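Tertiary structure, described
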Amino acid sequence: MSSKKDKQIAQSRHEDEVLNRALLWIGGAAILIAFILFLNRYYVHYRTTEVMFAAAIAKALPIVVILGLVGCVAGAFLAHKAKLAKKSMKWLVALSVLCFGLAVCAGLAWRFSGTGTQFLCAVILATAVLALVYYLYQHEFFVISLSAAVGIVGLWLVRRAAGTSYTSILYGYLVLAAAFLLVVALGARKLQENGGEWKGRRLFHKKAAYPLVYLTCGIVAALLVAAVLLGASVAYYLIFVAVAWLVVMAVYFTVKLM
């Protein structure tokens, strides 16, 4: 009886820890989105009476980038020291990630203005959702969701960057996306051969849905190739195809949890 009670207590603590980590991601995302909305209002879409304020923000953004990167490095260093001392490093890691997020947001808003803020809002929301998926769902669904997200961003870039000065960024991203999908497919194959384990650590369940991982990689790759070949107007509709596939996967894995 005591052993069963101990297991229940341990399970309860694990669930609380998972919930706290998920809430940290949501809280961090809320802070970053508030920062982006501030920039969108007073830096991108400022009024004629707010020109001086917008100019001050423009001068401050590079400083925010530098301070954010310094905070990220400092947080990572302190987290490493806490790990060596066998102390909790949760808040230090969260601080490091938040500082890095602020630096990235400030840098992209400074470099790409309105396009950068729109892109950042979507990416931050997607990151928060992916964090929830990672902590609450099967890990293969997290990989599937991440692969689909990579494809959706690629399709968005095809629609927005094709034929503009950002074409080099588009093709650079597509190369990285192709490499990512290849790594995911090969990694899933390796895990399947080892029963879901990697160097003695279990990453996937023994009965993980590996075929869906392969299928997602194939679908995302096909959508990106089709978008590049058929043009920006088609890429817009292919985004809905990718989202629809992600919704189908969400329903499937939600049912599996029940």
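In this text the structure is predicted, and so the values were computed from the model without any measurement.

**Here we look at the overall build of the protein**
- Of the regular secondary structure elements, the protein holds seven helices and two strands.
- Traced from its N-terminal end to its C-terminal end, the protein shows the element sequence α-α-α-α-α-β-β-α-α.
- With the principal axes as the frame, the protein shows a C-alpha extent of 70 × 50 × 30 Å.
- Burial status across the protein gives 32% buried among its 258 residues.
- For the protein, the proportion of contacts with a sequence separation of at least 24, taken over those separated by at least 6, is 67%.
- Charged side chains of the protein number 24 positive and 8 negative; the gap between the two group centres comes to 6 Å.

**Examining the packing of helix α6 (residues 210–230) against helix α7 (residues 232–257)**
- The interhelical angle for the contact between α6 and α7, taken along N-to-C directions, is 170°, at an axis separation of 9 Å. As far as their axial angle goes, α7 and α6 are roughly antiparallel. Where α6 abuts α7, its residues Leu212, Leu215, Thr216, Ile219, Leu223, Ala226, Ala227 and Leu230 lie against Val234, Ala235, Leu238, Val241, Ala242, Trp245, Met249, Tyr252 and Phe253.
- A per-class count over the contact of α6 with α7 returns 16 nonpolar, one polar and no charged.

**A few points about unusual backbone geometry**
- A positive phi angle, close to 60°, is found at Lys86, a residue other than glycine.
- Positionally, Lys86 belongs in the loop between α2 (51–84) and α3 (90–136).
- For Lys86, a relative accessible area of 79% translates into the label exposed.

**Looking at the side chain of Glu140**
- Within the secondary structure, Glu140 is located in helix α4 (residues 139–161).
- Here Glu140 is buried and forms no salt bridge, its nearest opposite-charge partner Lys256 lying at an N-O distance of 4.1 Å.
- Not counting chain neighbours up to four residues away, the residues in contact with Glu140 comprise Phe204, Ala208, Ala209, Val213, Phe253 and Lys256.

**What about the nonpolar core?**
- Core analysis: the largest hydrophobic core is formed by 35 residues, its most contacted members being Leu155, Met249 and Phe253.
- Elements represented by at least two residues in this core include exactly α4, α5 (167–193), α6 and α7.
- In this structure, Ile36, Cys105, Ala109 and Ala128 belong to the second largest nonpolar core, which totals 17 residues.

**Concerning the packing of aromatic side chains**
- According to the stated counting rule, one finds eleven aromatic pairs in the structure shown.
- Consider the rings of Phe38 and Tyr42, whose centres lie 5.3 Å apart with planes at 45°: the pair is tilted. Separated by four residues within a single helix, Phe38 and Tyr42 lie in helix α1 (residues 2–44), roughly one turn from each other.
- Since its relative accessible area comes to 29%, Tyr42 is described here as partly exposed.
- When the ring of Tyr134 is compared with that of Phe142, the centres are 5.1 Å apart and the planes differ by 75°; the resulting orientation is edge-to-face.
- An aromatic cluster of three or more residues is present, and its members are Tyr137, Phe141, Tyr252 and Phe253.

**Overview of the pattern of salt bridges**
- For the structure shown, the criterion picks out three salt bridges.
- Between Glu193 and Arg189 there is a salt bridge, with its nearest N and O atoms 3.5 Å apart. Here Glu193 pairs with Arg189, and both are found in helix α5, just four residues apart, close to one helical turn.
- A relative accessible area of 44% means that Arg189 is categorised as partly exposed.

**Regarding the environment of Ala60**
- Mapped onto the fold, Ala60 is located in helix α2.
- In this structure the C-alpha to C-alpha distance between Ala60 and Trp25, which are 35 residues apart in sequence, comes to 26 Å.

**Topic: the side chain of Ser147**
- Examined against the element boundaries, Ser147 turns out to sit in helix α4.
- In terms of polar contacts, Ser147 uses its side chain to reach the backbone carbonyl oxygen of Val143, at 2.9 Å.

**Considerations on α7**
- End to end, α7 covers 38 Å across 26 residues, agreeing with the expected 38 Å (1.5 Å per residue, within 8%).
- Along α7, the residues that are buried comprise Ala235, Leu238, Ile239, Ala242, Trp245, Met249 and Phe253.

**Looking at the state of the cysteines**
- As enumerated under the stated definition, the model contains zero disulfides in all.
- Here Cys105 is not disulfide-linked; the sulfur of Cys121 is the nearest cysteine sulfur, at 8.4 Å.
- Of the residues examined, Cys105 reaches a relative accessible area of 2% and is grouped as buried.

Calculation notes
Residues numbered from 1 in each chain as written. Predicted model: local features only at pLDDT ≥ 70, side-chain atom pairs only at ≥ 80, totals over all residues. Heavy atoms only, no water. Helix = DSSP H or I, 4+ residues; strand = E, 2+ residues; numbered from the N terminus. Buried < 20%, exposed > 50% of the residue type's maximum accessible area, 1.4 Å probe, protein only. Contact = heavy atoms within 4.5 Å. Lys, Arg positive; Asp, Glu negative; His and termini not counted. Charge placed at Lys NZ, Arg CZ, Asp CG, Glu CD. Axes fitted to C-alpha atoms, helices over the stretch in contact; angles between N-to-C directions. Parallel < 35°, antiparallel > 145°, perpendicular 65-115°, else oblique. Nonpolar A, V, L, I, M, F, W, Y, C, P; charged D, E, K, R; others polar. Salt bridge = Lys/Arg side-chain N within 4 Å of Asp/Glu carboxyl O. Core = buried A, V, L, I, M, F, W, Y, C linked by side-chain atoms within 4.5 Å. Phe/Tyr/Trp six-rings, centres within 6.5 Å; stacked < 30°, edge-to-face > 60°. Polar contact = N/O pair within 3.5 Å; in protein donor to acceptor, adjacent residues only side chain to side chain. Expected span 1.5 Å × (residues − 1). Disulfide = S-S within 2.5 Å.

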